[in-house]
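Read off the chains here:
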Amino acid sequence: MKDKCVLVTGSSSGIGYEITSKLLDLGAKVIGIARNHDKVKLDNKNYITYKCDLSVHNNIEILLKKILKSHPQINCLISNAGYGDFGPLENFSTLQIDNFMATNFTSHLVMTRHLLPHFKRIKQGDIIFIGSEAGLSGKKNGSLYCAAKFGLRGFSQALSQDVAKKNIRVSIINPG
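Residues numbered from 1 in each chain as written. Predicted model: local features only at pLDDT ≥ 70, side-chain atom pairs only at ≥ 80, totals over all residues. Heavy atoms only, no water.

Trainee: Give a detailed account of the packing of helix α3 (residues 94-121) against helix α4 (residues 143-163), specifying residues and quantitative values.
Mentor: Where α3 contacts α4, the axes come no closer than 9 Å and their chain directions differ by 15 degrees. Taken as axis vectors, α3 and α4 run roughly parallel relative to one another. In terms of crossing hand, the pair formed by α3 and α4 is right-handed. Contacts between α3 and α4 involve I97, F100, M101, N104, F105, H108, L109, T112 and L116 from the former and L144, Y145, A147, A148, G151, L152, F155, L159 and V163 from the latter. Of the residues assigned to the contact of α3 with α4, the class counts are 14 nonpolar, 4 polar and no charged. (Axes fitted to C-alpha atoms, helices over the stretch in contact; angles between N-to-C directions. Helix = DSSP H or I, 4+ residues; strand = E, 2+ residues; numbered from the N terminus. Parallel < 35°, antiparallel > 145°, perpendicular 65-115°, else oblique. Left-handed = near helix turned anticlockwise from the far one by under 90°. Contact = heavy atoms within 4.5 Å. Nonpolar A, V, L, I, M, F, W, Y, C, P; charged D, E, K, R; others polar.)

Here it is as structure tokens:
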């Protein structure tokens, strides 16, 4: 893993934190993006953090230009950022739905869209999406979450075929 420079979204907590910690243990360099790194207890010279609310999609392009300028060796994306919000659909306002989908679905597409030219330029890349078992089967009170994870699953399957001949590997892991 010493040749890997991995960009991890949602690196400050949950699955993203655990992935980041393991990658650092294996010798990878990790560029972590999260809204808040205050809780993170990873003191490692190979862990570089950037603060960003990925639901604001214009921020992604600006941030990625900065990151790629400083870390042109990035050769992997672990697209993990997201959060759970469950309940009957009618309990969510339109703004809550927009914000939820912006973080849990659209941010993954926008992040990937802006990294693909870099991966094509360096003629390699690994893109790993963190999905959920909720992307395989709908669950009660999970309409928003399932919609985002089903969408991410379809996106990863299509993208995998789009970039297969470019030495870019795409996969999705569905915990649960």
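Trainee: Any chance you could break down unusual backbone geometry for me, citing the residues and the numbers?
Mentor: Excluding glycine, residues mostly have negative phi values, and the peptide bonds linking residues are mostly trans. In this model, K123 sits at a positive phi of 60 degrees, which is unusual for a non-glycine residue. With respect to the element layout, K123 can be found in the loop between α3 and β5 (125-130). Here the phi dihedral of N167 falls at roughly 60 degrees; this positive angle occurs in a residue that is not glycine. Tracing the sequence through the fold places N167 in the loop between α4 and β6 (168-173).

Trainee: So what about the pattern of salt bridges? Which residues, and what values?
Mentor: For the structure shown, the criterion picks out 3 salt bridges. Of the charged contacts, one joins D126 and K4 as a salt bridge, the two residues approaching to 2.7 Å between their closest N and O atoms. Taken together, the residues span a long stretch of sequence, with D126 in strand β5 and K4 in the segment before β1 (5-9) at a distance of 122 residues. Across this residue pair, the class does not change: D126 and K4 are buried. One salt bridge in this structure joins K65 and E61, with 3.6 Å as the shortest N-O distance. Here the residue K65 and the residue E61 both occupy positions in helix α2 (residues 57-70), the gap between them amounting to 4 residues, near one helical turn. Its relative accessible area of 55% is what places K65 among the exposed residues. (Salt bridge = Lys/Arg side-chain N within 4 Å of Asp/Glu carboxyl O. Buried < 20%, exposed > 50% of the residue type's maximum accessible area, 1.4 Å probe, protein only.)

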